Amino acid sequence: MSFFLCFSSCSEDDHPVIQPEDSYSRTLLVYLAGDNNLSYETDEKIESMVKGWSGEGGNLIIYQDKSNTVPQLLEVYRDNGVNYTQVIQTYEEENSADPTVLARIVGEVVRLYPADSYGLIFFSHASRWLPSATLTAPRSMGMDGDTKMELLDFAEALPGHVFDFIILETCFSAGIELAYELRDKTDYILGSSAEIVSPGFREIYARYMDYLFKQDADLTGFARKAFEWVSAQSGVFQSGTLSLIRTASLPVLADWLSVHIQDLDISEQVDDIQHFDRYSYRLFFDMEDYYSRLVKESDRETLSGLIGDCIVYKAATPYFMYSSSYQGFVIDQHSGFTTYILQDEFPYLNEQYQEMSWYKAVYP
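These numbers come from a predicted model, not from an experiment. (Residues numbered from 1 in each chain as written. Predicted model: local features only at pLDDT ≥ 70, side-chain atom pairs only at ≥ 80, totals over all residues. Heavy atoms only, no water.)

Side note on the pattern of salt bridges
- Tallied over the full model, the rule gives 13 salt bridges.
- Notably, a salt bridge pairs Glu 44 with Arg 202, separated by 3.1 Å at the nearest N-O pair. Pair noted here: Glu 44 is in helix H1 (residues 39–52) and Arg 202 is in helix H5 (residues 202–208), with a separation of 158 residues, a long-range link.
- Here Glu 169 makes a salt bridge to Lys 45, at a shortest N to O gap of 2.4 Å. You can see Glu 169 sitting in strand S10 (residues 163–169) and its partner Lys 45 sitting in helix H1, a full 124 residues away along the chain.
- A relative accessible area of 3% means that Glu 169 is categorised as buried.
- Of the residues examined, Lys 45 reaches a relative accessible area of 1% and is grouped as buried.
- Where salt bridges share partners, they join Glu 44, Arg 202, Glu 203 and Arg 207 into one cluster. (Salt bridge = Lys/Arg side-chain N within 4 Å of Asp/Glu carboxyl O. Helix = DSSP H or I, 4+ residues; strand = E, 2+ residues; numbered from the N terminus. Buried < 20%, exposed > 50% of the residue type's maximum accessible area, 1.4 Å probe, protein only.)

See the structure below:
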């Protein structure tokens, strides 16, 4: 814990004021890239966050971009026990899925609201590492109108070692490829192996925002509450997967796999591997289920342990939108990570996948 000396003038009567040891502060930036069909949800997210925050522990700053309005930067503040929002900055129409915009907003918030710690909540459409405009138009990381942000650009836009945690309220965001790309950007990532069913974390924000402002942010507690809420729903809404990822352990996992993977053809087994997508084709597979087939049987326990070192918390419902109307699926295995598998029918995706840092680390 750092102690800060605050001086108001240079007179002899002035004395340095030492802030108390419990004055730890965090700036939490909420980036709502909602200039798409999720636009209405951005207002709901803000309302829930304003309701759920006690006003203590730091700064709650929200960038909102939604349909038919210009983007704004908002500060949530507390006055006489009541929370309000005030507009800090109004921008001209811009593309919130542009990495230069994301980088600019992050830079502005860090400059305007210095703190001991920083966290990021990112809300939008997403499809992990998949290139934009491929197959059924994956959104990659963020979507503004018809524009999408690629994962590599998303990672490049974020400063290194600034955010203690990143909460991705986006679909398919617990992929090993995404986590590895962000390994130098944040200490922890909260994401989902499958899609996030609306209304996402809305109700959790309304009740547990303060979990994110503790000195040691209670990300596990936040994730548990989110999963408990999903588990209490009914029908297709009782569908969810969550993973809290520790990024510091990822290089060890990659290094070990690079040595122990065997050159095996398991193409005939792909249909048997746990998947987390509702397409007619399969792109998001359980990582441990896949890689355990590529290592020796005697190495599988070690692999499981290394994955476990990366996963602080994980949870999954037994079924995901399990209805013929929704092309849902059963969840028998959930290691906390998903991964892509090279497949002959997707030559373009295979080519793009080999540009990912994860692929280069595991298959040097």
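Side note on the sheet that holds strand S14 (residues 311–316)
- Taken in spatial order, the nine strands make up an open sheet running S6-S5-S4-S3-S7-S10-S11-S12-S14, and their pairing is mixed. Edge positions in the sheet fall to strand S6 (82–90) and S14, since each has one partner strand and no second. Recorded for the sheet is a direction-independent mean angle of 15° between the axes of neighbouring strands.
- Taken together, the five bridges between strand S12 (residues 241–246) and S14 define a ladder with antiparallel strand orientation. When the sheet's bridge partners are listed, Ser 243 is paired in S14 with Lys 314.
- Contacts from H1 reach strand S3 (26–34), strand S4 (58–66), strand S5 (72–79), S6, strand S7 (117–123) and S10 within the one sheet, and its direction differs from that of S4 by about 165°. (Pairing = 2+ DSSP bridges. Axes fitted to C-alpha atoms, helices over the stretch in contact; angles between N-to-C directions. Contact = heavy atoms within 4.5 Å.)

As for the environment of Tyr 363
- Residue position: Tyr 363 is located in the segment after helix H11 (357–362).
- Given a relative accessible area of 31%, Tyr 363 falls into the partly exposed group.
- With 108 residues separating them along the chain, Tyr 363 and Asp 255 place their C-alpha atoms 9.6 Å apart.
- Residues contacting Tyr 363, with those up to four places away along its chain left out, are Ile 261, Tyr 290, Tyr 291 and Leu 294.

What to know about unusual backbone geometry
- A cis amide bond, omega 15°, links Ser 198 with the succeeding residue Pro 199.
- For Phe 172, which is not a glycine, the phi torsion comes out positive at approximately 55°.
- We note that Met 321 has phi near 45°; this positive angle belongs to a residue other than glycine.
- Summarising the element assignment, Met 321 is placed in the loop between strand S15 (319–320) and strand S16 (329–330).

Description of helix H2 (residues 99–112)
- The end-to-end C-alpha distance of H2, which contains 14 residues, comes to 20 Å, matching closely the 20 Å that a straight helix rising 1.5 Å per residue would cover.
- Every buried residue of H2 is listed here: Val 101, Leu 102, Ile 105, Val 106, Glu 108 and Val 109. Looking straight down H2, one finds its buried side chains confined to an arc of 165°; they lie on one side. The exposed set on the far side of H2, more than 90 degrees from its buried face, consists of Thr 100 and Arg 111.
- Contacts made by the buried residues of H2 are with S3, S4, S5, helix H3 (151–157) and S10. (Expected span 1.5 Å × (residues − 1). Arc of directions from axis to C-beta.)

Side note on the pairing of S10
- Within S10, six of the seven residues are buried, leaving the element largely enclosed by the surrounding structure.
- Of the strand pairs in this sheet, S10 and strand S11 (residues 186–191) are connected by four bridges, and their pairing is parallel. Residue Ile 167 lies in a different strand from S11, and its bridge partner there is Leu 190.
- Assessed by its sense of winding, the connection that carries the chain from S10 through helix H4 (residues 176–181) to S11 is right-handed. (Right-handed = clockwise from strand over helix to strand, strands pointing away.)

Points about the nonpolar core
- Judged by nonpolar contacts, the single largest core of 79 residues is most densely connected at Phe 154, Leu 253, Leu 257, Phe 337 and Trp 358.
- The contacts of Leu 253, once residues within four sequence positions are left out, are Ile 176, Met 287, Leu 303, Leu 306, Ile 307, Cys 310, Phe 337 and Trp 358.
- Within the second largest apolar cluster, 33 residues are counted, among which are Met 49, Leu 74, Met 209 and Ala 226. (Core = buried A, V, L, I, M, F, W, Y, C linked by side-chain atoms within 4.5 Å.)

Nothing here speaks to function; it is all geometry.
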